[in-house]
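Each chain is listed here by its residues.
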Amino acid sequence: MSAVAEPARLAHRRRLPGGIGRWVGTGLGGVIVGAAVLVALLAPWIVPHDPFAQDLPKRLLPPFWMDGYDGIHVFGTDQLGRDYLSRLIYGARISMLIGVSTVVTSGLIGITLGVVGGYAGGRVDDAVLFAITTRLSIPVVLVALAVVGLFGSSLSLLALTLGLLLWDRFAVVARSTTMQVRQLDYVAAAWCAGCSRVHILLREVLPNIASHLAVVATLEMALAILLEAALSFLGLGVPPPLPSWGLMIAEAKGYMFFTPWVIMIPGVALFVLVFGINLLGDGLRDLLGARADP
Amino acid sequence: MIRRAYGLDQPVIVQFGNWVAKAAVGDFGESYFFKQRVSELIGARLPITLTLGLVGLAIAAVVSIPLGVLAAVRESTAIDRAVQVVALIGQAMPSFWLGLILMIVFGIKLAWLPVSGTGTWQHYVMPGIVLAFSAIPALTRLTRSGMIQALASDYIRTARAKGLSSGSILIKHALRNAAIPVVAIATVQLGFMLGGSIVIETVFALHGVGFLAWESIGKNDFPVVQAVVLVLALIYVGLTLLADMINAVLDPRLRSA
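Report on the accompanying structure. These numbers were taken from a predicted model, which means no experiment stands behind them. (Residues numbered from 1 in each chain as written. Chains lettered and ligands numbered in written order. Predicted model: local features only at pLDDT ≥ 70, side-chain atom pairs only at ≥ 80, totals over all residues.)

**Considering the overall build of chain B**
Which entries qualify depends on this criterion: Numbering of helices and strands runs from the N terminus; a helix is a DSSP stretch of H or I covering at least four residues, while a strand is a stretch of E covering at least two. With C-beta atoms placed from the backbone, a residue is buried if 20 or more other C-beta atoms are within 10 Å of its own, exposed if 12 or fewer are, and partly exposed between those counts. The contact criterion used here is simple: two residues whose C-beta atoms, placed from the backbone, lie within 7 Å are in contact.
The helix and strand inventory of chain B stands at 10 helices and zero strands. Its helices and strands in sequence order give chain B the pattern α-α-α-α-α-α-α-α-α-α, from N to C terminus. Of all 257 residues assigned to chain B, the portion counted as buried reaches 43%. For chain B, the proportion of contacts with a sequence separation of at least 24, taken over those separated by at least 6, is 72%.

**A word on the overall build of chain A**
In terms of regular secondary structure, chain A is built from 11 helices and zero strands. Ordered by position in the sequence, the α and β elements of chain A form the string α-α-α-α-α-α-α-α-α-α-α. Scored against the burial criterion, the 294 residues of chain A give a buried share of 46%. Summarising the internal contacts of chain A: among those between residues at least 6 apart in sequence, 71% fall at separations of at least 24.

**Topic: the interface of chain A and chain B**
Interfaces are frequently sized by the accessible area removed from exposure as the parts join. Where we set the bar: Classification used: nonpolar for Ala, Val, Leu, Ile, Met, Phe, Trp, Tyr, Cys and Pro, charged for Asp, Glu, Lys and Arg, polar for all others including Gly.
Contact residues are listed per partner, giving 36 residues for chain A and 37 residues for chain B. At nine residues, the largest contribution of residues to the side of chain A that touches chain B is made by helix α11 (residues 261–288) of chain A. In the side of chain A that touches chain B, the residues fall into 27 nonpolar, six polar and three charged.

**A short note on the packing of helix α3 (residues 38–73) of chain B against helix α4 (residues 78–92) of chain B**
Residue and element names in this part refer to chain B. The criterion, for reference: Convention adopted: a line fitted to C-alpha atoms gives each axis, helices being fitted over their contacting stretch, and angles between N-to-C directions are expressed from 0 to 180 degrees. Handedness of a crossing is defined here by the sense of rotation of the near helix relative to the far one, left-handed for an anticlockwise turn of less than a right angle and right-handed for a clockwise turn.
Put simply, α3 and α4 touch, their axes get as near as 7 Å, and they point 145 degrees apart. Crossing of α3 against α4: the hand is left-handed. Across from L67, L70 and A71 in α3, the residues of α4 making contact are I79, D80, V83 and Q84. Residues that form the contact of α3 with α4 fall into these classes: five nonpolar, one polar and one charged.

**Some words on α3(B)**
Inclusion rule: Between the first and last residue of a helix there are one fewer steps than residues, each counted as 1.5 Å, and that sum is the expected span. By definition, a residue's bend is the angle between the axes fitted to the seven residues ending there and the seven starting there.
Taking 1.5 Å of rise per residue, 36 residues should cover 52 Å, and α3(B) covers 51 Å from first to last C-alpha, within 8% of that figure. In the structure, α3(B) departs most strongly from a straight axis at B:R45, where the bend amounts to approximately 35 degrees and where the proline B:P47 lies between one and four residues downstream.

**Structural notes on the nonpolar core**
The condition that has to hold: Nonpolar core, as used here: buried Ala, Val, Leu, Ile, Met, Phe, Trp, Tyr and Cys residues forming one set through C-beta atoms within 7 Å.
Residues A:L145, B:A213 and B:V228 are the most contacted members of the largest nonpolar core, which totals 156 residues. At 20 residues, the largest contribution of residues to this core is made by helix α9 (residues 197–233) of chain A. Dropping the residues within four chain positions of it, B:V228 is found in contact with A:L142, B:I42, B:V209, B:L212 and B:A213.

**A short note on the packing of helix α10 (residues 245–252) of chain A against α11(A)**
Describing two packed helices takes the angle between their axes plus the distance from one axis to the other. Residue and element names in this part refer to chain A. Applicable threshold: Roughly parallel means an angle under 35 degrees; roughly antiparallel, over 145; roughly perpendicular, 65 to 115; everything else is oblique.
It is the contact of α10 with α11, at a shortest axis distance of 9 Å, that shows an interaxial angle of 160 degrees. Classified by the interaxial angle, the pair formed by α10 and α11 is roughly antiparallel. α11 is crossed by α10, and the crossing has left-handed handedness. On α11, the residues that touch W245, M248, I249 and A252 of α10 are V262, I263, P266, G267, A269 and L270. Class assignment for the residues of the contact of α10 with α11 results in nine nonpolar, one polar and no charged.

Dropping the structure here:
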């Protein structure tokens, strides 16, 4: 049977979640994210040099795969002679910190709103929907810029801003999945058994929508890391001399036409981390049968 | 004197009330830095941002709709997998970084396009590509899933049984139905793009509204910042409304609602 002759049947065929390619992708994503977590946690003990120590005579040394590698600085040095590998390792720390703190804050807000709205329905749900629509009409980058413009740039402020802004997808998914779960018999059974609302929400609803929320969490984490890099790149995120990958790219921008690796290295790091998180999220979605779209 | 001239001696709530009352009739006050009406400033810059957004959306549509259709027709094959990987790569690519890479390759090494600035149509090519990159993954995925759903439905089998050519089935029957969510998301994506264009306009020094906002934040020029946020949010809401209306045109079933 050829695939072309029977596209309708092919489309009906359920894709096996255990496909080899899928496992490879998920595994790769898991390895990348795991490595990033380890590097972020162990940063002070594994850096070969002090990421803040300047060494002006040794500016813009090339990395190990290029001519002129000095055998000491594996990824070369930046425009102030700081070891690039060490800054990259500390940069992983900032990216992961922003990613995790954003997911925790926005998850708390979004899941609470979504579950309460989806379970209660009626006027409460209307209010939740209104909040989601309002939030969706606010451009994130612009608000983050305005906040930084007003209060100055700092790491904790940036984490808070992103956390308070990126809860919309959590709310949308939590709301729609809660509405489905609410109809099911075990929720009715719990209600008949006299369980309180809080008990039903926390013990019956939440565990059953958790897989969907896990996928959303990976998406939001990837988004937060990219936004942090973009804002730091604009000079409105993490303040120097902290080694955020976005900030490293911004600081190296003036030298990129002569020494392109200064923007390649942090850019590739950023790309690989976000790619890994997305792979993991995609794998989770297939393995858990979850969906992240509203 | 200056405090009084700008109304800064008033309580914040009064200042805000004044601002809202004036903004409602299109008066955003005067820029502290440019010494120009904010509405004029934005009016001059908005066409650039809108052009960029439309160019980006057009590129994204031209790339992602055929890709999505291809992946759907060849579902679960290597081609489908490859398209999904492309979408994943697009999702993970930091736009400002991609912009810098394009600048090095096409602006300096090959010298095909101007590196940055505003002026001719060539200045929109690289920013347009970068902006499109951020919308391609979502549009491709949506086209793919919409097409898969449409191709599995009964009316496609009927059309096939009637002996219609596969091209006509794909485009007239399947794509038209798959297009409904795609159009909705594409319109909303245009809104996201206007927000994302701040970063890209800054990278390429394209003097649109986003660049204006970035400049103004650096200069504490708050009348401009307030107005840009409001205008972009309004455009965003307007686009969402437009998406609903286009859907009603495409899908007669939605018109009664």
